[in-house]
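Topology and contacts: notes
This is what each chain is made of:
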Amino acid sequence: MEKVSITTEYVTLGQFLKLADIISSGGQAKFFLEDVMIKVNGEQDQRRGRKLRDGDTIEVEGFGEYQIEGN
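Residues numbered from 1 in each chain as written. Predicted model: local features only at pLDDT ≥ 70, side-chain atom pairs only at ≥ 80, totals over all residues. Heavy atoms only, no water.

Quick look at the pattern of salt bridges now. With the rule as written, the count across this model stands at three salt bridges. Residues arginine 50 and aspartate 45 are paired through a salt bridge, measuring 2.6 Å at the closest nitrogen-oxygen approach. A cluster of three or more residues bridged by salt bridges with shared partners is formed by Asp45, Arg47 and Arg50. (Salt bridge = Lys/Arg side-chain N within 4 Å of Asp/Glu carboxyl O.)

So, on to unusual backbone geometry. Phi angles above zero are rare outside glycine, and aspartate 21 is one such case at about 60°. Note that aspartate 21 resides in the loop between α1 (13-19) and α2 (29-35). Look at asparagine 41: it is not a glycine, yet its phi comes out positive at around 50°. Secondary-structure assignment places asparagine 41 in the loop between β3 (38-40) and β4 (43-44). (Helix = DSSP H or I, 4+ residues; strand = E, 2+ residues; numbered from the N terminus.)

Purely geometric stuff here, so don't read any function into it on its own.
What follows is the structure, given as structure tokens:
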């Protein structure tokens, strides 16, 4: 499981995709989320604005598993 560090209280799912180098720009998030299954803490979630906090786990189909790591 790959760790993704954040320096704020939370990041959105769209921001996370860019931080994890899954997409190259924030504008791609909407289209990416329409095509790829993502699970947050074991539940499917395709909302760009979903808030991810320290300890949350994200599974991106075809890319792997990630965990948010805060300060």
